[in-house]
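Results of the structural survey
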Amino acid sequence: TSGARVEADGKDLFMQLMYLVRCKEEMELDATEMIAAADALWREHDFATTSNIFGLGPADFCSVSDGDWVVLIMGIMIMEFNQLLFPRRWPLQWGLREAFTYFRTHAFKGPPYDEEYKFHDSFYLVTHIAFAVSAYSAIKTNAKDIPWLFDYNRRSCLYWVKLASR
């Protein structure tokens, strides 16, 4: 690579600002300028249409690879969290509820490990789903509430432990 700096596009810059304003708000630091920049991007790119933020909508979820879902679910989590910190400032038309509904029917690749990393991608995604469900462990998560998630994690972890003990 040339080492030249690449400017972030509107979506990427907006999501970076969403993460940073969340951090600043949690640390009680002034985020006024970042919030103003995010507001300008919100208007400029019509992010009131949630699909414009993420480049897709719930009808497209089935076309997203497990590897790409990791970044997508982190973005959705950031936006949902900011709904709590900045009520009605950047409202969403859809979010975690629609993602979780989709995941109930999604086929995650189970063990064994494969050369195309499909199991790795699925396992990594499932860990992020667990983080999202528990709000990064802020909310106690019960296996009875999402048995498919706990079952997948148990089977996958058992596979990793057996693999490591060889």
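As a starting point, this report considers the structure included with it.

Thresholds, definitions, all that
- Residues numbered from 1 in each chain as written.
- Predicted model: local features only at pLDDT ≥ 70, side-chain atom pairs only at ≥ 80, totals over all residues.
- Heavy atoms only, no water.
- Axes fitted to C-alpha atoms, helices over the stretch in contact; angles between N-to-C directions.
- Helix = DSSP H or I, 4+ residues; strand = E, 2+ residues; numbered from the N terminus.
- Contact = heavy atoms within 4.5 Å.
- Nonpolar A, V, L, I, M, F, W, Y, C, P; charged D, E, K, R; others polar.
- Buried < 20%, exposed > 50% of the residue type's maximum accessible area, 1.4 Å probe, protein only.
- Lys, Arg positive; Asp, Glu negative; His and termini not counted.
- Salt bridge = Lys/Arg side-chain N within 4 Å of Asp/Glu carboxyl O.
- Expected span 1.5 Å × (residues − 1).
- Core = buried A, V, L, I, M, F, W, Y, C linked by side-chain atoms within 4.5 Å.

Here the focus is the packing of helix H4 (residues 66-85) against helix H5 (residues 96-103). H5 packs onto H4 with a crossing angle of 145° between their chain directions and a minimal axis gap of 10 Å. Counting all contacts with H4, which are made through Trp 69, Ile 73, Ile 76, Met 77 and Glu 80, the residues of H5 involved are Leu 96, Arg 97, Ala 99, Phe 100, Tyr 102 and Phe 103. The residue makeup of the contact of H4 with H5, split by class, is 9 nonpolar, no polar and 2 charged.

Let us look at the side chain of Asp 66. Looking at the element boundaries, Asp 66 is found in helix H4. Although Asp 66 is buried, it forms no salt bridge, and the closest oppositely charged side chain is Lys 118 at an N-O distance of 8.2 Å. Aside from chain neighbours lying at most four places away, what touches Asp 66 is His 106, Phe 108, Lys 109, Asp 121, Ser 122 and Leu 125.

All right, on to helix H6 (residues 118-133) then. Here H6 is 16 residues long and its end C-alpha atoms lie 22 Å apart, about the 22 Å a rise of 1.5 Å per residue gives. Three or more residues of H6 are buried, namely Phe 119, Ser 122, Phe 123, Leu 125, Val 126, His 128, Ile 129 and Ala 132. Summarising the contacts, the buried residues of H6 are in contact with H4, H5 and helix H7 (147-164). Ala 135, located one to two residues past H6, shows a positive phi value of around 50°.

Before going further, it helps to spend a moment on the nonpolar core. Counting 42 residues, the largest nonpolar core has Phe 14, Met 18, Trp 69, Met 79, Trp 90 and Phe 103 as the members making the most contacts within it. For this core, the elements supplying multiple residues, two or more each, are helix H1 (10-26), helix H2 (32-44), helix H3 (50-54), H4, H5, H6 and H7. Per-element tally for this core: the top contributor is H4, with 8 residues. Those residues in contact with Phe 103, other than ones at most four positions away along the chain, are Trp 69, Ile 73, Phe 108, Leu 125, Ile 129 and Trp 148.

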